[in-house]
Each structure stands twice: as structure tokens, then as C-alpha cells.
Amino acid sequence: VASNPKPVQPSIPIVVGGHSTAAAKRAGRLGDGFFPGEGNIPELVDIVRQTAADHGRDPESIEITVGANQDLMGADPVAGAEELTAQGVDRAIVPSFLFLNDTRNSLGQFGEHVVAKVSG
């Protein structure tokens, strides 16, 4: 694979996906990030962090990513984002297809009402 321009860091981050205990442990041992597809997020985050510590790694250096879920896309998305943060999530991926009916306005509103309030 060729990539241009070249990344500024010496290697690309490796994000481990999965929602099992084995995947969480793998992320803690080897990954730069963890992306559970489902499951008990706080429990999986704890496993990642503990496994990283057990292997002499900085547990907080492993970024936790989740896909948009009912908390983030529900009636109170700011509270949902805050709940994800409390669970140890660093990044939430919001698929743009959720905003297809009126992309410019609905995605803009999401940015103003949710992203701006929760992204420090």
C-alpha cells in the first residue's frame, strides 16, 4: 500500500475491533485503540486499561472509539455523549447517513447543539 503524503508519525495507529474479552485484552496488549461493536462498554474499557497496565503500557494512551448508539442519537444527545465519556469513550463515530434528509441543516445543528458542547 502506498500513502501520500507520508504520515508525520513513524507508524500508523492500530485500532483493534471486537466486543469480546479476548478483543479487549488484545487491544490492551497491542493496540493504539479499541473499537467495540457492542457489549458492555465500561467493562470492556476496564479490561483494555487493566491489560495495558499489566503489560507495562500507559492505559490512557489507548483510544476508545464507539459507533453512534441510542444514547448519542436519542432525545438528549448531549447527555448521551457525556455518558459515553463517563464510560471511558474518547471518540464516537456518527454516520452521516443519519442526516441525509437535510444534511446541511441537520448535521450543522448536531454540530452546534452536541459537538460544540461536549468537545472541550
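Our subject is the structure that appears above.
The written sequence of each chain sets the order in which its residues are numbered from 1. Where local features are concerned, this predicted model is filtered to residues with pLDDT of at least 70; where side-chain atom pairs are given and counted, the filter is 80 or more; whole-chain, interface and lining totals use all residues. To obtain the side-chain values, all non-hydrogen atoms of the structure were used and water was disregarded.

Chemist: Please clarify how the side chain of Arg-49 should be interpreted in this entry.
Modeler: Here a strand is any run of E in DSSP of at least two residues, a helix any run of H or I of at least four, and the numbering for each starts at the N terminus. Mapped onto the elements, Arg-49 comes out in helix H2 (residues 41-54). Polar side-chain contacts of Arg-49 include one of 2.6 Å to the backbone oxygen of Pro-59. Side-chain atoms alone can form a polar contact between residues adjacent in sequence; in general such a contact is a pair of N or O atoms within 3.5 Å, and within protein one must be able to donate a hydrogen while the other accepts it.

Chemist: Any chance you could explain the sheet that holds strand E3 (residues 63-67) here in plain terms?
Modeler: Where strands meet in a sheet, backbone hydrogen bonds hold them as pairs that are either parallel or antiparallel. We treat two strands as partners when DSSP finds at least two bridges between them. Ordered by their spatial adjacency, four strands build an open sheet running E1-E2-E3-E4, and the pairing between neighbours is parallel. A single partner strand is all that each edge strand has here, and the edge strands are strand E1 (15-17) and strand E4 (91-93). Strand after strand, the sheet turns through a mean of 25° between neighbouring axes, direction not considered. We call two residues contacting when some pair of their heavy atoms lies within 4.5 Å. Axes here mean lines fitted to C-alpha atoms, for a helix over just the part in contact, with angles spanning 0 to 180 degrees between N-to-C directions. Packing of H2 onto the sheet brings it into contact with strand E2 (33-35) and E3, and relative to E3 it is tilted by some 155°.

Chemist: When you look at the pairing of E3 in this model, what are you seeing that I'm missing?
Modeler: When a strand is regular, its side chains alternate between the sheet's two faces. In this structure, E2 lies alongside E3, joined through two bridges in parallel fashion. Residue pairing in the sheet places Gly-33 in a bridge with Glu-63 of E3. By convention, a crossover is right-handed whenever its connection, traced from the first strand over the helix to the second and viewed with the strands pointing away, goes clockwise. Handedness of the β-α-β unit built from E2, H2 and E3 comes out right-handed. The pairing of E3 with E4 spans three bridges and is parallel. In the strand pairing of E4, Gly-67 is matched with Ile-93.

Chemist: Where do I start with the packing of helix H4 (residues 77-86) against helix H5 (residues 103-118) in this structure?
Modeler: Pairs of packed helices are described in terms of their axes, by the angle between the two and the distance that separates them. The N-to-C vectors of H4 and H5 enclose an angle of 30°; their axes lie 9 Å apart at closest approach. Looking at the two axes, H4 sits roughly parallel to H5. Between H4 and H5 lies a crossing of right-handed hand. Contact with H4, carried on its side by Pro-77, Val-78, Ala-81 and Glu-82, involves Phe-110, His-113, Val-114, Lys-117 and Val-118 of H5 and no other residues of that element. Roughly parallel covers angles under 35 degrees, roughly antiparallel covers those over 145, roughly perpendicular covers 65 to 115, and oblique covers all other angles. Left-handed describes a crossing whose near helix is turned anticlockwise from the far helix by less than a right angle; the clockwise case is right-handed.

Chemist: I tried to follow the nonpolar core on my own but got confused; where do I start?
Modeler: One recurring pattern in soluble globular proteins is that nonpolar side chains are buried together. Think of a nonpolar core as a cluster: buried Ala, Val, Leu, Ile, Met, Phe, Trp, Tyr and Cys residues, connected wherever their side-chain atoms sit within 4.5 Å. Burial status follows relative accessibility: with a 1.4 Å probe on protein chains alone, a residue under 20% of its type maximum counts as buried, one over 50% as exposed, and anything between as partly exposed. Core analysis: the biggest nonpolar cluster contains 22 residues, and Ala-24, Phe-34, Val-48, Ile-64, Leu-72 and Val-89 have the highest contact counts within it. Elements represented by at least two residues in this core include exactly helix H1 (21-30), H2, E3, H4 and H5. Looking at this core, the element that brings in the most residues is H2, giving six residues. When sequence neighbours within four positions are dropped, the list of residues in contact with Ile-64 reads Phe-34, Val-45, Val-48, Arg-49, Gly-88, Val-89, Asp-90 and Arg-91.

Coordinates in, geometry out; function isn't part of it.
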